[in-house]
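An overview of the molecular structure
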Amino acid sequence: MVQNFHLPPTGFGPGSQPSSDDGVELEYMPLPSGMRTYSPRLPDLGDRTRAAAALALMTRIADAADRVAVGGAAESFDLTALDPANLALIAETMGQGEVSLKMRGKPAVAAQESVFAGVWVLTGVGVNRIEVAPIPTLARARAFNPDRPAIGVLAGRKAGVVNAPAIFAELIDKSLVFADGAEPHVVNLTLLPHTEEDLGWLDEAMGQGSVTILSRGYGNCRITATAQANVWRVQFYNSMDTLILDTFEVTGV
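Anyway, here's the lowdown on the structure attached to this text. (Residues numbered from 1 in each chain as written. Predicted model: local features only at pLDDT ≥ 70, side-chain atom pairs only at ≥ 80, totals over all residues. Heavy atoms only, no water.)

Here A73 is to be found in the loop between α1 (52-69) and β1 (75-78). Placed 59 residues apart in sequence, A73 and V132 show a C-alpha to C-alpha distance of 8.8 Å. (Helix = DSSP H or I, 4+ residues; strand = E, 2+ residues; numbered from the N terminus.)

So, about the pairing of strand β3 (residues 109-113). Counting buried positions along β3 gives four out of five residues, so the element sits mostly inside the fold. Here strand β2 (residues 99-103) folds back onto β3 in antiparallel fashion, the turn holding five residues, of which G105 has a positive phi close to 140°. Here β3 runs beside strand β4 (residues 119-124); their pairing, made up of five bridges, is antiparallel. When the sheet's bridge partners are listed, Q112 is paired in β4 with V121. (Buried < 20%, exposed > 50% of the residue type's maximum accessible area, 1.4 Å probe, protein only. Pairing = 2+ DSSP bridges.)

Okay, the pairing of strand β9 (residues 231-237) next. Taken across its seven residues, β9 has six buried, putting it largely inside the fold. As paired elements, strand β8 (residues 220-225) and β9 share six bridges and run antiparallel to each other. Bridging across to β9, R222 finds its partner in Q235. Between the antiparallel neighbours β8 and β9 lie five residues, among them N230 with a positive phi of about 70°. Two elements, β9 and strand β10 (residues 243-250), share seven bridges in a ladder whose sense is antiparallel. Residue pairing across strands places Q235 opposite D246, the latter belonging to β10. Between β9 and β10, which pair antiparallel in sequence order, lie five residues; one of them, D241, sits at a positive phi of approximately 60°.

This part is about unusual backbone geometry. Cis geometry marks the peptide bond from K106 to P107, where omega comes out at -5°. Within the secondary structure, P107 is located in the loop between β2 and β3. A positive phi angle, near 70°, is found at N230, a position not held by glycine. As for its position among the elements, N230 is in the loop between β8 and β9.

If you walk across this open sheet you meet the 10 strands as β1-β5-β4-β3-β2-β7-β8-β9-β10-β6, and the pairing is antiparallel. Among the strands making up the open sheet, the edge pair consists of β1 and β6 (185-188). Along the sheet, successive strands turn relative to each other by an average axial angle of 20°, direction set aside. As defined by bridge partners, β6 adjoins β10 across four bridges and the pair is classed as antiparallel. Considered in β10, the bridge of V186 is made with E249. (Axes fitted to C-alpha atoms, helices over the stretch in contact; angles between N-to-C directions.)

In this structure, L101, M103, W120, V211, I213 and W232 are the most contacted members of the largest nonpolar core, which totals 20 residues. Listing elements by their share of this core, those giving two or more residues are β2, β3, β4, α3 (137-142), β7 (211-216), β8 and β9. Leave out the neighbours within four places in its chain, and V211 touches L101, K102, M103, R104, A139, R142, A143, I223, T224, A225 and W232. By size, the runner-up hydrophobic cluster in this structure holds 18 residues, among which are I167, I172, V187 and W201. (Core = buried A, V, L, I, M, F, W, Y, C linked by side-chain atoms within 4.5 Å. Contact = heavy atoms within 4.5 Å.)

This part covers helix α5 (residues 196-206). Of the residues making up α5, those classed as buried are D198, L199, W201, L202, A205 and M206. Down the axis, α5 shows its buried residues gathered within 165° of arc, on one side only. Close packing links the buried residues of α5 with α4 (164-177), β9 and β10. Positive phi appears at G207, one or two residues downstream of α5, with a value of about 65°. (Arc of directions from axis to C-beta.)

Our next topic: the packing of aromatic side chains. For any pair of aromatic rings, the description consists of the separation of the ring centres together with the inter-plane angle of the planes. Within this structure, the stated rule accounts for two aromatic pairs. Residues F168 and W201 carry aromatic rings whose centres are separated by 5.7 Å and whose planes lie at 90° to one another, so their mutual orientation is edge-to-face. Of this pair, F168 sits in helix α4 while W201 sits in helix α5, placing them 33 residues apart in sequence. For the pair F168 and W201, a shared accessibility class is recorded, and that class is buried. (Phe/Tyr/Trp six-rings, centres within 6.5 Å; stacked < 30°, edge-to-face > 60°.)

A few words now on the environment of N86. Here N86 shows up in helix α2 (residues 84-94). A relative accessible area of 3% means that N86 is categorised as buried. Put simply, N86 and A54 are 32 residues apart on the chain and 5.2 Å apart in space, counted from C-alpha to C-alpha. When residues no more than four places from it in sequence are discounted, the contact partners of N86 are R50, A51, A52, A53 and A54.

Right, here's the structure in full:
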């Protein structure tokens, strides 16, 4: 004897259901059918003769990128002599990448990564240039200049400060022996027991340097130089701007 569950199901599929009395057919939302991908955009040059200065400069920048990519020294290109039309073409071509920097000092300078890796646009009072480098040289020079001095163990030790002095001692030890090219030393606060008072004490003890970096993506990564040489505070946030990883890293940049 054949049981019901052996038979093919009925009452499913097109034509199996009665049409609605008003004649309206059920419509389904379209399914995703594509994926966003990067595609280069070529600026509309118009009159190429008027863009000659920008085109010549971008050729020099491309040549510099080849040299820097194989270990060459950073190269800088002044934009102040360009007219507004050529400046606009440079800006449109460079676009904006995911990384930006603020460098405090005199003058204060902002750096924006272009859509080309290692090509930065630097602006400030009297500053308008493009630099080809892994990181702007000014960021290396100013990073640990104290905007707020590191006072170390002179930081006020309030009730609730438990593990911060031990973390501070580890960071100072690694900072003093750090050499360029060495592997970064990471202290992961997210995985270590600590109190809010510990974090406040560390912030006061380490001070703040003169460079802040923001890397945007699915979330943000905020990187702040401390006033202690070679020590950075690195904080990862998710798309809801919730802190999901908090570290100190001892490294050059």
